[in-house]
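Coordinate analysis (summary)
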Amino acid sequence: MSKLFRAVILGPPGSGKGTISERVASSFGLQHLSSGDFLRENIAAKTEAGVLAKAYIEKGALVPDDLMTRLIIPRLEQMTRHSWLLDGFPRTLAQAKALNSICELDMVISLNIPLETLKDRLRHRWIHPASGRVYNMRFNPPQVQGVDDISGEPLIQHEEDKPEALVARLRHYKDMAKPIIDLYRAKGILHMFSDTETDRIWPHISSLLSSKIPTDLTDAQRATNH
Ligand SMILES: Nc1nc2c(ncn2[C@@H]2O[C@H](COP(=O)(O)OP(=O)(O)O)[C@@H](O)[C@H]2O)c(=O)[nH]1
Ligand SMILES: Nc1ncnc2c1ncn2[C@@H]1O[C@H](COP(=O)(O)OP(=O)(O)O)[C@@H](O)[C@H]1O
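Residues numbered from 1 in each chain as written. Chains lettered and ligands numbered in written order. Predicted model: local features only at pLDDT ≥ 70, side-chain atom pairs only at ≥ 80, totals over all residues. Heavy atoms only, no water.

Convention followed: UniProt positions are given in the numbering used here, feature names are shortened, and annotations may be inferred rather than shown by experiment.
The protein chain goes by Adenylate kinase 4, mitochondrial in an unreviewed UniProt entry, where it is assigned to Bagarius yarrelli. Its UniProt record gives the protein chain the following Sequence similarities (unreviewed entry) comment, quoted word for word: "Belongs to the adenylate kinase family. AK3 subfamily." Within the UniProt record for the protein chain, the comment given under Subunit (unreviewed entry) is "Monomer."

Right, here's the structure in full:
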């Protein structure tokens, strides 16, 4: 059996993790697990962890590490037969250590995007809450203004994407991310990408993944995903 491929994508809010993860999932057949989307699914389904997490998210706080790892680790353990890309987790060193204890990562992609670019993008980010689909009113607008392309339902803007909350959130991210990035750099699996445009970063990520993921694996994954 082909070796599975496990990757993490790191970057501040608005850096393009979700956008790039979707491209990786469709081009390479990896399963994309977004911590934010998974939390929102749990909140919508009113699971025990979802109910607990909701209070933190609504306050604009991170979900505590023990709750977050209790939620994500079992989900990853259900994906043992798949190659995956994890987005939004780990967000703290404690989460990175919990992840280390259950699997060996093959690659970490870290997005390094200038602060001004992030602020500008998030101001224009709108999402479809039920699916997690993300739009940008300039970069990636919906076909009809304010409406999700697939379901036709209205789009919303996250409270935390509004300009007042942004600068503090981005600063907080930097502090939390530094030890995680150092950890993965020391393991020799970190790949950092710096630019203001996803479309300029994507070809580099795509060729890196092409060189690391055997094609028979991508074909096999695609076959099981469809
Ligand atoms: N202008 C512009 N917007 C982008 C680019 N890449 C992503 N976006 C938009 O920026 C916002 C944040 O991207 P997202 O993938 O949600 O980032 P995440 O928070 O890291 O998951 C979304 O509205 C995207 O559509 C880019 O290269 N240029
Ligand atoms: N790994 C995590 N640890 C703690 N809280 C998390 C984690 N991932 C997501 N969250 C919570 O869920 C919220 C939404 O996450 P996400 O969709 O990734 O949004 P963003 O990237 O815009 O912060 C976060 O603001 C945070 O409260």
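Further notes follow.
1. Focus on the UniProt feature "binding site: AMP" (unreviewed entry) in the protein chain
This is how it is decided: A pocket, in this scheme, is an open set of points on a 1 Å grid over the protein atoms alone with protein on both sides within 12 Å along at least 5 of 7 lines, while a cavity is a set where a 1.4 Å probe fits but cannot get out; residues line either one if an atom lies within 4 Å of a point. Put simply, DSSP marks the helices as runs of H or I at least four residues long and the strands as runs of E at least two long, and each gets a number from the N terminus on. Note on contacts: a residue pair qualifies if any of its non-hydrogen atoms lie within 4.5 Å across the two residues.
What UniProt calls "binding site: AMP" (unreviewed entry) maps, in this numbering, to Ser35, Arg40, Ala61, Leu62, Val63, Gly88, Phe89, Pro90, Arg91, Gln95 and Arg169. Of the residues annotated just before, the largest cavity has Gly88, Phe89, Pro90 and Arg91 among its lining. Take Val63: it is sitting in the loop between α3 (48-59) and α4 (65-77). When near neighbours in sequence (up to four residues on either side) are disregarded, Val63 contacts Leu39, Ala53, Tyr56, Ile57, Met68 and Gln95. Summarising the element assignment, Pro90 is placed in the loop between β3 (84-87) and α5 (93-102). Leaving out residues up to four positions away in the same chain, Pro90 has contacts with Val8, Leu10, Gln95, Ala96, Leu99, Ile180 and Tyr184.

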